[in-house]
Amino acid sequence: MKYFSILIICLLFSCGKKEDVLLPKSDITIVKDVQDLSPIYIFFKIEGKDTIADVNRKSSIISTNWILNIDKRLPLKLVIPEVMKLQEKKRADSAHKNENAENYYSYADSIGKNLAFLPFTKVYYKTEKPSRENFVVYFKKGKKQVFMANKEIKISEILQQFYSIKFERVPNLVFVFDKNMSYEEYIQYKILLQKDVTHNLDILPVEFIL
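Residues numbered from 1 in each chain as written. Predicted model: local features only at pLDDT ≥ 70, side-chain atom pairs only at ≥ 80, totals over all residues. Heavy atoms only, no water.

Participant: Teacher, can you tell me more about the overall build of the chain here?
Facilitator: When you go through the chain residue by residue, the secondary structure sums to four helices and 12 strands. Relative to the 2.2 N^0.38 estimate, which gives 17 Å for 210 residues, the radius of gyration of the chain is 18 Å and therefore close to what a compact globule would have. By principal-axis analysis of the C-alpha atoms, the chain measures approximately 60 × 40 × 35 Å. Counting across all 210 residues of the chain, residues that qualify as buried make up 43%. Counting contacts in the chain only where the partners sit at least 6 residues apart, residues at least 24 apart contribute 70% of the total. (Helix = DSSP H or I, 4+ residues; strand = E, 2+ residues; numbered from the N terminus. Rg over C-alpha atoms; globule rule 2.2 N^0.38 Å. Buried < 20%, exposed > 50% of the residue type's maximum accessible area, 1.4 Å probe, protein only. Contact = heavy atoms within 4.5 Å.)

Participant: Is there a simple way to explain the pattern of salt bridges in this structure?
Facilitator: Going through the model one piece at a time under the given rule, you end up with six salt bridges. When the shortest N-O distance is used, the salt bridge between lysine 195 and aspartate 196 registers 3.3 Å. Given a relative accessible area of 44%, lysine 195 falls into the partly exposed group. (Salt bridge = Lys/Arg side-chain N within 4 Å of Asp/Glu carboxyl O.)

Participant: What is the right way to look at the packing of aromatic side chains in this model?
Facilitator: Two aromatic rings are characterised by how far apart their centres lie and by the angle between their planes. Counted according to the given criterion, the structure contains 15 aromatic pairs. Ring geometry for tyrosine 105 versus phenylalanine 120: centroids 3.9 Å apart, planes at 10°, classification stacked. Here tyrosine 105 is found in strand E5 (residues 103-109), whereas its partner phenylalanine 120 is found in the loop between strand E6 (114-119) and strand E7 (125-126), with 15 residues between them in sequence. Both residues of the pair, tyrosine 105 and phenylalanine 120, count as buried. Taken together, the ring pairs in this structure connect Tyr105, Phe120, Phe139, Phe175, Phe177, Tyr183, Tyr186 and Tyr189 into an aromatic cluster. (Phe/Tyr/Trp six-rings, centres within 6.5 Å; stacked < 30°, edge-to-face > 60°.)

Participant: Please explain the nonpolar core as it appears in this structure.
Facilitator: Most often, soluble globular proteins have nonpolar side chains that are buried together. With 44 residues, the main nonpolar core has Tyr105, Tyr125, Phe139, Ile158 and Phe177 as its most contacted residues. Excluding residues that lie within four positions of it along the chain, isoleucine 158 makes contacts with Val137, Phe139, Val146, Met148, Ile153, Leu173, Leu193 and Val197. Of all hydrophobic cores here, the second largest spans 10 residues; its members include Val21, Val34, Tyr41 and Ile67. (Core = buried A, V, L, I, M, F, W, Y, C linked by side-chain atoms within 4.5 Å.)

Participant: How should unusual backbone geometry be read in this particular structure?
Facilitator: Across residues other than glycine, the phi torsion is negative in most instances, and most of the peptide bonds are trans. Despite not being glycine, alanine 149 has its phi angle at roughly 50°, a positive value. Note that alanine 149 resides in the loop between strand E9 (146-148) and strand E10 (151-153). Residue asparagine 150 is not a glycine yet carries a positive backbone phi of 65°. Turning to its location among the elements, asparagine 150 is positioned in the loop between E9 and E10. Judged by its relative accessible area of 84%, asparagine 150 falls in the exposed class.

Participant: Honestly, the pairing of E5 in this entry has me stumped. Any pointers?
Facilitator: Every regular strand shows the same layout, with side chains that alternate between the two sheet faces. The element E5 is extensively covered by neighbouring structure, given that six of its seven residues are classed as buried. Sheet topology note: the strand E1 (residues 25-26)/E5 ladder contains two bridges and is parallel. Considered in E5, the bridge of lysine 25 is made with alanine 108. Judged from the three bridges that link them, strand E4 (residues 65-70) and E5 form a sheet pairing that is parallel. Bridge assignment links tryptophan 66 to a residue of E5, and that residue is asparagine 103. Handedness of the β-α-β unit built from E4, helix H2 (residues 76-92) and E5 comes out right-handed. Strand direction decides the pairing type here: E5 and E6, joined by six bridges, are antiparallel. Each bridged residue has a counterpart across the sheet, and for tyrosine 107 the counterpart in E6 is alanine 116. What sits between E5 and E6 in their antiparallel hairpin is a turn of four residues, with lysine 113 showing a positive phi close to 55°. (Pairing = 2+ DSSP bridges. Right-handed = clockwise from strand over helix to strand, strands pointing away.)

Participant: Just to check I follow, could you spell out the sheet that holds E7 for this structure?
Facilitator: Sheets are built from strands that pair by backbone hydrogen bonding, the pairs being arranged parallel or antiparallel. Spatially, E7-E12-E11-E8-E9-E10 is the arrangement adopted by the six strands of the open sheet, whose pairing is mixed. Each edge of the sheet is formed by a strand with only one pairing partner; in this case those strands are E7 and E10. With three bridges joining them, strand E11 (residues 173-177) and strand E12 (residues 207-209) adopt parallel strand pairing. Directly across from phenylalanine 175, in E12, lies its bridge partner glutamate 207. Contacts from helix H4 (residues 183-196) reach E7, strand E8 (135-139), E9, E11 and E12, with the element oriented near 155° to E11. (Axes fitted to C-alpha atoms, helices over the stretch in contact; angles between N-to-C directions.)

Given below as structure tokens:
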């Protein structure tokens, strides 16, 4: 792990091209250590008036754990399409597939002063609207709380609210994220979800980016 931390610093801040990845920060660590890994970088770039998500996956190996180091300044609408491409490539490569290999987002633990990791292997992203049969939790840019059944609630209250409703037929719970929020805001939401919600679920909700 110490070796990986040093490697990250060298690649992000001292590489020949001087390309920086500014990682999101949190004071909560979900996963502290990952072995047998391949780093993938998504850089923040400006070309003219356009913001670009520039992917570098040259050192990725299908059979390893993938660590996605993504610049926190990028909007979600640019990040997720690239993440979907990476997921599809790894899932489709049956010849080199390792069932135990996971995918993680990296971020900086502001308390422990170390890298931390957030698993997302089982998450499926979609960019169309969820069907009406689904029960939607909406995460809006710039909000600390979430919207659920026309109410604004805390993330820690999602499951309590969901299970308190008397459905005729229990719908699928899905998360909808504002495509215009920053990647950092998304990761901060995801860390709280992992801490308070999704660790209690057998099946992770599908995530819609709209």
